[in-house]
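Understanding the architecture of this molecule
Spelled out from the first residue to the last, the chains are:
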Amino acid sequence: MQTQRYRFTWQLAVVLFMSWLLAGCGINNIPQYDEQVKSAWSQVENQYQRRADLIPNLVETVKGFARQEQETLTAVTEARSRATSIQISAEDLDDPQKLQQFQQAQNQLTGALSRLMAVSERYPDLKSNQNFLALQSQLEGTENRIAVARRDFIAAVERYNTEIRTFPGRIWHSLLYSDMPIRDNFEATAENAEQAPQVQFQ
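So, here's what we can say about the structure.

What counts and what doesn't
Residues numbered from 1 in each chain as written. Predicted model: local features only at pLDDT ≥ 70, side-chain atom pairs only at ≥ 80, totals over all residues. Heavy atoms only, no water. Helix = DSSP H or I, 4+ residues; strand = E, 2+ residues; numbered from the N terminus. Buried < 20%, exposed > 50% of the residue type's maximum accessible area, 1.4 Å probe, protein only. Phe/Tyr/Trp six-rings, centres within 6.5 Å; stacked < 30°, edge-to-face > 60°. Lys NZ or Arg CZ within 6 Å of the ring centre and 35° of its normal. Expected span 1.5 Å × (residues − 1). Bend = angle between axes of the 7 residues up to and from the residue. Axes fitted to C-alpha atoms, helices over the stretch in contact; angles between N-to-C directions. Parallel < 35°, antiparallel > 145°, perpendicular 65-115°, else oblique. Left-handed = near helix turned anticlockwise from the far one by under 90°. Contact = heavy atoms within 4.5 Å. Nonpolar A, V, L, I, M, F, W, Y, C, P; charged D, E, K, R; others polar.

So, on to the overall build of the protein chain. Looking only at helices and strands, one finds 7 helices and 0 strands in the protein chain. Listed N to C, the secondary structure of the protein chain is α-α-α-α-α-α-α in terms of helices and strands. Across the 202 residues in the protein chain, those meeting the buried criterion constitute 32%.

Right, let's talk about the packing of aromatic side chains for a bit. Inspection of every chain in the model, using the stated rule, returns 3 aromatic pairs. The positively charged end of R183 is found above the aromatic ring belonging to Y160, 5.6 Å away from the centroid.

Another aspect to go through is helix 2 (residues 29-65). Along its 37 residues, helix 2 runs 55 Å from first to last C-alpha, staying within 8% of the 54 Å computed at 1.5 Å per residue. At I55, helix 2 shows its maximal kink, close to 25°; a proline, P56, follows between one and four residues later.

Taken N-terminus to C-terminus, the directions of helix 3 (residues 70-85) and helix 4 (residues 96-120) make an angle of 155°; their axes are 8 Å apart at the nearest point. Regarding the angle of helix 3 to helix 4, the classification is roughly antiparallel. Like other packed secondary-structure pairs, helix 3 and helix 4 cross with a definite hand, here left-handed. When helix 3 is examined against helix 4, the residues T72, L73, A75, V76, A79, R80, R82 and A83 are found in contact with a partner set consisting of A105, Q106, Q108, L109, A112, L113, R115, L116 and V119. Across the contact of helix 3 with helix 4, the residue classes tally to 11 nonpolar, 3 polar and 3 charged.

Everything listed here is a matter of coordinates, which is why it stays silent on function.
What follows is the structure in structure tokens.
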């Protein structure tokens, strides 16, 4: 009886020690980092949605002042519709083609918004309208938030990819998480993407 109790205590101690050892060796890092990637992507989508939500109000405000700019207003509305029709779920993050389609639609919307802002330069009354100025300011803030969300997503993907390609994460990946692939990151899809767009918010 004493021997069995001793053996049970010894086995329990070994199990607890192994659990402690495994918990400290990074076995959980890969799924944690994967969840951070998904969370960061959700924030990117959240900011793009915020931008899409601002656009109808902006278009309506401009319409009141610049009815003859129908072509530009239509282009913005259509670009918004395309951008919001392409949704990327966390499962789609492994598909570089879907990511590229999503980014191209967002780039088209950015271009259409740039043209809309250029229209405002031709209408002094519009430029001084409080509604327009408030929407313009919110849109500028949203563009900044999009940049931050994309930066955070890029960092999360880098951390995840580094973990599954380096020791000891590489071992855990091959043993336990081989179904979790390396993730693609954001790439510039617009021509001359390294140059800042000439958008004036004044």
